[in-house]
Amino acid sequence: MSYQVLARKWRPKNFATLIGQEHVVRALSHALATGRLHHAWLFTGTRGVGKTTISRILAKALNCETGVTPEPCGTCAACRAIDADRFPDYVEMDAASNRGVEDMAALLDKAVYAPVQGRYKVYMIDEVHMLTGHAFNAMLKTLEEPPEHVKFILATTDPQKIPVTVLSRCLQFNLKQMPPGHIIDHLGGILEAEGVPFEAHALRHLAKAANGSMRDALSLLDQAIAHGSGRVEEEQVSHMLGTVGDDHLYAVLDALAAGDVAGMLAVADRMEARSLSFDAALQALASLLHRIALAQFAPAAIADETERQRLAPYSEAFDAEFLQLAYQIAIHGRDELSLAPDDYAGFTMSLLRLHAFRPEQPLALGSPDDAAGGGGRAGACHPRPPSGCEPRSTGDGTGGATRHGAGGKTTGGKGAPSGAAPTRTRDGRSRDRFVDAWPCGGSRRKSDRTVELRSAVGGSAAGSVCR
Ligand SMILES: Nc1ncnc2c1ncn2[C@@H]1O[C@H](COP(=O)(O)OP(=O)(O)OP(=O)(O)O)[C@@H](O)[C@H]1O
Ligand SMILES: [Mg+2]
Ligand SMILES: [Zn+2]
C-alpha cells in the first residue's frame, strides 16, 4: 500500500479521538443525542485545527446506519464511505475554487433531491469566505430554510469576511488553536503506535514550530522522521527547523544572571559556528522571557510540568521589571538586525544591552544567598509580583526595596529585620535609586513606562541608566 502522510492517516474518525475542541464536541454531541439539530453550522479557526475533521465526523453522526448518534459506528457502509471520501450524500465544496454564483446555483439545484444513500445530504462548503457576494446571496434563502434532508456545514479561516446575513443563519463554533501540550501528547502517541523512536524534547520543538496547527505538527513530524532516518531526535529536529535549541537560550540566561559577558558571547559564537539564525534566536529568546514572566505572574499558565520546573530558577533569578525590559530588548533587537553591520553584531549587541541594563547582583544561578543581601540571587533584588510584596519605601536609607529571599521569604523594606542591607546595583547605589533612574521605574504609570522603555531600548536613555 502506498505511503499515507501522518496527518491523513491519523485524522480522528470520531469525537472521542479528536484532540481538544471540547466545547464544540460537547455542543454537537448534545444536539445529536437529543435530536435538536440545527440545519447550518459554521466552523471557524486557523489552518489544521479540525474543521474538516469535525465536519466529516458530523456527517457520519447524521448518516450512520445505527441512527443519528454522537458516536457513529465507523463500520457501517455509510461511515466507511464517508471516511473513504466516496459517500454520495456528503459533498465537500472548496469555495476558493468554486466561488461564483453558477457554482452555488448548481449545488442548490441538486440539494432539492432526496439523499441517494443516507439520511441527510450534507454540504460542506470549505473556505466559505471566498464566495462572491452574488454566491452568498444565492444561498441565503436555502440557508435559512433548507429542505428537511439538507444540512450545511460552512468552514472558514477568516470569519470576518462572511456577511452577517450568512452568520446569523448559522450556529457558529470557533475552533481553538492547539496548545503545545496537546500537540506533544498527540505526536508522542502517534510515534509510539508507529514504532518510531523519539526524544521528548524533539516533540517540544515541533509543537512550537507548528504554531497551534495540528496538521502542521504532523507534516513537520513526517519531515522529521525522514530527516532523522526513522528516528526523531532533538538535535536533528532543531537542525531541520533551523531553530535555536533551548540549551543555547538557557546558556545565555545563565551567563546573564552570572554577569558573565564572555559566557554570553561564547554562546553567540557557538550559534554562529552552526549557522543558526540570529533573528530566530532573538525571537526564541523573547518567547522564553515571556514564558519566564508567565511563570512569575501566572504559573498555572505553564501547563507542562517539566517546562515549569525548568523555568523556575529563572523566574526566581530575574525580577519582573527586568524581564519586561529584557523582552523589549529582544524584540527590538530583531527590528534592529537589518540595521546592524551584520547579524552577529546585532545579536551580540542585544546581549550586551541585556547585560548593561541588568540590575546586578553578581551571583550565579542557584548559588547560596549572599549573607549581606539576605536574599540576593542574581537580579533578584526587586520584588517579584507574587504574594508577599510590601510597598516600596523611599529615602529611608535602607534602599527600601521589598525583596524576596530564597524560599519566598521577604526581607528588607520598612520594618525589615535590622541588618538587612539594601540591594545594590553594579555601581553600589541602592536598588531604589536604580529603579528610579531605570526607565521602567515601578512607581510610574504604565503608559509612561512603555514609552520610556521604548526610548531606552532605542538607546536614548541608556547613558543615564547604566552608569
Ligand atoms: N483536533 C484535532 N485532533 C486531532 N487531529 C487533528 C485535529 N485537528 C487537525 N488534526 C490533524 O490535522 C489534519 C488536518 O485537519 P483538518 O483538515 O480538520 O484541518 P482544518 O481545520 O480543516 O484546516 P484547513 O483550514 O487548513 O482546512 C487532520 O487530518 C488531523 O490529522
Ligand atoms: Mg479543512
Ligand atoms: Zn456507522
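Further up the page is the structure itself.
Below, the structure is looked at part by part. Since this is a predicted model, take the numbers as computed values, not measurements. (Residues numbered from 1 in each chain as written. Chains lettered and ligands numbered in written order. Predicted model: local features only at pLDDT ≥ 70, side-chain atom pairs only at ≥ 80, totals over all residues.)

## What about the sheet that holds strand 4 (residues 150-156)?
Phase 1: With parallel pairing, 5 strands are arranged side by side in an open sheet as 2-3-4-1-5. Only two strands of the sheet have a single partner each, and these edge strands are strand 2 (90-94) and strand 5 (171-174). Adjacent strand axes in the sheet meet at a mean angle of 15 degrees when their direction is disregarded.
Phase 2: Here 5 bridges tie strand 1 (residues 40-44) to strand 4, and the two strands are oriented parallel to one another. In the strand pairing of strand 4, Phe-43 is matched with Ala-155.
Phase 3: Strands in contact with helix 3 (residues 51-63) are strand 1, strand 2, strand 3 (121-126) and strand 4; relative to strand 4, the strand with the most contacts, it is inclined by about 170 degrees. (Pairing = 2+ DSSP bridges. Helix = DSSP H or I, 4+ residues; strand = E, 2+ residues; numbered from the N terminus. Axes fitted to C-alpha atoms, helices over the stretch in contact; angles between N-to-C directions. Contact = placed C-beta atoms within 7 Å.)

## So, the site of ligand 1
Phase 1: In the neighbourhood of ligand 1, 21 residues make up the surrounding shell, with Arg-11, Ile-19, Gly-50, Thr-52 and Thr-53 lying closest.
Phase 2: Broken down by class, the residue content of the shell around ligand 1 amounts to 8 nonpolar, 8 polar and 5 charged. (Near = placed C-beta within 6 Å. Nonpolar A, V, L, I, M, F, W, Y, C, P; charged D, E, K, R; others polar.)

## Comments concerning the environment of Cys-76
Phase 1: Inspection of the secondary structure assignment puts Cys-76 in the loop between helix 3 and helix 4 (77-83).
Phase 2: Considered as a pair, Cys-76 and Asn-63 are 13 residues apart in the sequence and their alpha carbons are 9.8 Å apart.
Phase 3: If we ignore the near neighbours within four places in the chain, the residues touching Cys-76 are Cys-64, Glu-65 and Thr-66.

## Remarks on the environment of Val-112
Phase 1: Residue position: Val-112 is located in the loop between helix 5 (101-111) and strand 3.
Phase 2: Taking the C-beta count within 10 Å as the criterion, Val-112 has 12 such neighbours and is therefore assigned exposed.
Phase 3: On a C-alpha basis, the gap between Val-112 and Glu-148 in space is 9.5 Å, while along the polypeptide they are 36 residues apart. (Buried ≥ 20, exposed ≤ 12 C-beta atoms within 10 Å, placed from the backbone.)

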